[in-house]
Amino acid sequence: MSAIDKKAELKQLANRLPTTSGVYIMKDKNDNIIYIGKAKSLKNRVTQYFGSGSGHTEKVRQMVEHVDHFEYVLCDSEFEALILENSLIKQNQPKYNILLKDDKGYHYIKITNDKWRKITTSMQLDDKNAEYIGPYYSSAVVKDTVATVRKIFKLPDCNRGFDKYTKPCLNFHIGLCDAPCRANISAEQYNDTITSAISFIKHGGDDMVSILTQKMESAAERLDFEYAARLRDRINAIKKLNDTQKVVMCTYKNQDVICSAALDNIACVALLIFRNGQLVDKKHFIIDAFTDKNDLYSQFLTQYYDSADIPPRIIIDNDFESLKLIEQWLNQKKNKKVEILQPQRGEQRALVNMCRNNAADNLAQKTEIQGREMSALNELARLLGLQTAPRIIESYDISNTAGDENVAGMIVFRDGKPYKSHYRHFKIKGFVGQDDYRSMAEVLDRRFTEYKKGENEGFATLPDLILLDGGKGQISAVEPIFQKHNINVPLFGMVKDSKHRTRAVATTGGDISIKANESAYRLVTAIQDEVHRFAITYHKKRRSQKMLNSELLSIDGIGEARAKALLKHFKTMKAIKSATPDMLCAVKGITPALAEKIYNKYN
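A quick note: this is a predicted structure, and the numbers were derived from the prediction, not measured.

## Quick notes on the overall build of the protein chain
Phase 1: Helix and strand content of the protein chain: 20 helices and 19 strands.
Phase 2: Relative to the 2.2 N^0.38 estimate, which gives 25 Å for 603 residues, the radius of gyration of the protein chain is 34 Å and therefore markedly larger than a compact globule would have.
Phase 3: Considering the protein chain as a whole, with its 603 residues, one finds that 48% of them fall into the buried category.
Phase 4: If you take every contact in the protein chain between residues at least 6 apart in sequence, the share linking residues at least 24 apart comes to 61%.
Phase 5: Of the roughly 30,400 Å² that the protein chain leaves accessible, carbon and sulfur atoms contribute 48%.

Here's what the structure looks like:
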């Protein structure tokens, strides 16, 4: 059976499904489960897979090609389907589902249990007598925390024993260690310091400042000024650290911030974890089976919070279909109210931007694209409602002077940067005069015709996004061309304000303001300025060429072919004017008599 016949057969079977909630299970010809999904209406959801496929991502198309048959389980509600879907995904680990894999291991802060306790990092729970704080996903967080408490509390980072007097190391002399090795402090005072450091790790700096202030005042009252001075230094160090941490602190004590970035079939989900008002950990997950953001967030949240600590607030950057269902599931699992929110302004929005930049940066490292460009592309995708960041963007602009020398420019941005080898010029051929709408339609018609031929490398691949210089009029003018060639590429216009600066992105339904989104605004402005420069430069060149041709054509005996030959040979009119008759004769078609006429004209 051919692939087309198989697809038609599967669609016919899908049309017989009930319109109730349930879970569908896609299998290949070897009866292996390759995808599991949930649906509010099984019939509506499953039939979408076996339709034209024009709106599917490449990953979904690949999955559908491997489907041999499917099964389903009816559920009493969409919520019940959500729980069953999560359970079946964990059991079967299907190839095309989002699977969270922790291949980096967990990290712990270890406190040894001996006379002179020490605070170190560890990846193993290998000492049953030691105390461990964690686990943490990020090794950087653990290392930074241990380094910070050692600095604040002036703890040793060596492996020395402190029962005997030894010569102190450099850390003592530069004020980074209290040097218990030279009997500077007693074991009791040292372990009191360790206890304070542990409390600082667990509870943060604000409570510790109050505790240390009381201890400092008590030490001063009993005239132990040296110890009081050490406590004062710790207090100042904690206050200084708190000041530097304000950028990653939030009003709400306990919350997680989750954002994503996507490119092609790869996505990255970044997670910032806030406890007691401070950023305590950050994680990221690379998803290599990305299909769309509805599935991404639904499956990520259920898989991650199935075993992780659930905070009362979860902040996300994008709405998704199953949000209320996930909220219900989290409430039931935590047995307390849990909110999923999408902030639009203020401190919480700033945290979303910070988290989204982390996701873009981590994805950039995976895909070898610069973090700045990745962030701008994902921000643009979010604003335009695209599933993934547009790697290839084509942009078009028309340029003419009252209809004269009517031309167009096509530029290409690849991964957020100009890709000049694929720039193209067009001379409008279909009509004479000024009509930007007809001109734009002609250019796109010719571009898609070349795409179907597949002969020109610059036109052989369709872009992920097309941006026209102009508004709704330009979009409406070219939409019939998209339908004529059956092209399914997102199409938008670029609108300028009264000062000719980029203002918004246009759709047939209205404008989308982009000024508030710095990275996306910067990218669209760069594209609009570049396509305008490219089109108008070509237009000026053709006008200049036309004027030069006209000047030469005024000479008796010089026709269009000879004028072109002269310009091709000498490059500029200045060179022609200063040429001798012998030099002019070197041009094909220029006789000695014509050479004398040209020479006499300018000399």
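## A word on the sheet that holds strand 7 (residues 255–263)
Phase 1: Pairing within the open sheet is mixed, and its five strands lie in the order 9-8-7-10-11. Looking at the sheet topology across the chains shown, the edges are occupied by strand 9 (278–287) and strand 11 (339–341). Between one strand and the next, the sheet's axes are offset by a mean angle of 20°, whatever the strand orientation.
Phase 2: Pairing between strand 8 (residues 266–275) and strand 9: nine bridges, direction antiparallel. By the bridge assignment, Leu271 is partnered in strand 9 with Lys283.
Phase 3: Contacts between helix 10 (residues 293–304) and the sheet are confined to strand 7, strand 8, strand 9 and strand 11, with strand 7 contributing the most and set at about 140° to the helix.
Phase 4: Across the sheet, helix 12 (residues 346–367) touches strand 7, strand 8, strand 9 and strand 10 (313–316), and the angle it forms with strand 7 is around 40°.

## A look at empty space enclosed by the protein
Phase 1: One pass over the full model with this rule turns up two cavities of 30 Å³ or more.
Phase 2: Put simply, the largest cavity is a space of about 60 Å³.
Phase 3: Lining the largest cavity are Pro156, Asp157, Cys158, Arg160, Phe162, Pro168, Cys169, Phe172, Cys177, Ala179 and Cys181.
Phase 4: Here the lining of the largest cavity is composed, by residue class, of nine nonpolar, no polar and two charged.
Phase 5: Taken as a whole, the second largest cavity holds about 30 Å³ of empty space.
Phase 6: Phe153, Lys154, Leu155, Asp178, Ile185, Tyr190, Thr193 and Arg234 together form the lining of the second largest cavity.
Phase 7: Tallied by class, the residues present in the lining of the second largest cavity amount to four nonpolar, one polar and three charged.

## Observations concerning the packing of aromatic side chains
Phase 1: Tallied over the full model, the rule gives 14 aromatic pairs.
Phase 2: Ring geometry for Trp116 and Tyr190: centres 5.3 Å apart, planes at 55°, overall tilted. Residue Trp116 is located in the loop between strand 4 (107–111) and strand 5 (119–122), and its partner Tyr190 is located in helix 7 (residues 187–203); the two are separated by 74 residues in the primary sequence. The same class applies to Trp116 as to Tyr190, namely buried.

## A few points about the sheet that holds strand 2 (residues 33–39)
Phase 1: Overall, antiparallel pairing links the three strands, which are arranged 2-1-3 in an open sheet. At either end of the open sheet lies a strand with only one pairing partner, and these are strand 2 and strand 3 (69–74). When strand polarity is set aside, the average angle formed by the axes of neighbouring strands in this sheet is 20°.
Phase 2: Alignment of strand 1 (residues 22–27) against strand 2, held across six bridges, turns out to be antiparallel. When the sheet's bridge partners are listed, Lys27 is paired in strand 2 with Ile33.

## Description of helix 10
Phase 1: Under the 1.5 Å per step criterion, the end-to-end length of helix 10 is 16 Å for twelve residues, consistent within 8% with the ideal 16 Å.
Phase 2: Of all twelve residues in helix 10, eleven are buried; the element is thus mostly enclosed.
Phase 3: Within helix 10 the residues assigned to the buried category are Lys293, Asp295, Leu296, Tyr297, Ser298, Gln299, Phe300, Leu301, Thr302, Gln303 and Tyr304.

## Examining the nonpolar core
Phase 1: Residues Val257, Leu380, Ile393, Leu465 and Ile527 are the most contacted members of the largest nonpolar core, which totals 42 residues.
Phase 2: Looking at this core, the elements with two or more residues in it are strand 7, strand 8, helix 12, helix 13 (371–384), strand 13 (404–414), strand 16 (465–469), strand 17 (491–496) and helix 16 (518–553).
Phase 3: Apart from the residues lying within four places of it in its own chain, the contact partners of Leu380 are Ile393, Leu465, Ala520, Leu523 and Val524.
Phase 4: Of all hydrophobic cores here, the second largest spans 29 residues; its members include Leu82, Ile98, Ala267 and Tyr305.

The rules behind these values
Sequence order as written defines the numbering, with residues in each chain counted from 1. The model is predicted, so local features are restricted to residues of pLDDT at least 70 and side-chain atom pairs to those at 80 or more, both for listing and for counting; the totals for chains, interfaces and linings are taken over all residues. Each side-chain value is worked out from all heavy atoms of the structure, with water and hydrogens disregarded. Helix and strand definitions here come from DSSP, where helices need a minimum of 4 consecutive H or I residues and strands a minimum of 2 consecutive E residues; each element is numbered from the N-terminal end. Only C-alpha atoms enter the radius of gyration; for comparison, a globular chain is expected to reach 2.2 Å times N to the power 0.38, where N is the number of residues. Accessibility here uses a 1.4 Å probe with only protein chains present; expressed as a share of the type maximum, an area under 20% marks a residue as buried, one over 50% as exposed, and anything in between as partly exposed. Two residues form a contact once any of their heavy atoms are found within 4.5 Å. Values of accessible area rely on a 1.4 Å probe in the Shrake-Rupley scheme; residue burial ignores everything except the protein chains shown. Strand pairing follows a simple DSSP-based rule, namely that at least 2 bridges must link the two strands. To get an axis, a line is fitted to the C-alpha atoms, and for a helix only the part in contact is used. The angle between two axes follows their N-to-C directions and goes from 0 to 180 degrees. Any residue with an atom within 4 Å of a point lines the site, the site being either a cavity, points on a 1 Å grid over the protein atoms alone where a 1.4 Å probe fits but cannot get out, or a pocket, an open set with protein on both sides within 12 Å along at least 5 of 7 lines. Grid points are joined across faces, edges and corners, and a volume is the space filled by probe spheres set on the points. Only Asp, Glu, Lys and Arg are considered charged in this grouping, and only Ala, Val, Leu, Ile, Met, Phe, Trp, Tyr, Cys and Pro are considered nonpolar; every other residue, Gly among them, is considered polar. A pair of Phe, Tyr and Trp rings is counted when the ring centres sit within 6.5 Å of each other, with Trp represented by its six-membered ring. The angle between the planes then sorts it: under 30 degrees is stacked, over 60 is edge-to-face, the rest tilted. Helix span, expected: 1.5 Å multiplied by one less than the number of residues in the helix. For our purposes a nonpolar core is just a set of buried Ala, Val, Leu, Ile, Met, Phe, Trp, Tyr and Cys residues, chained together by side-chain atoms within 4.5 Å.

Just distances and angles here, no functional claims.
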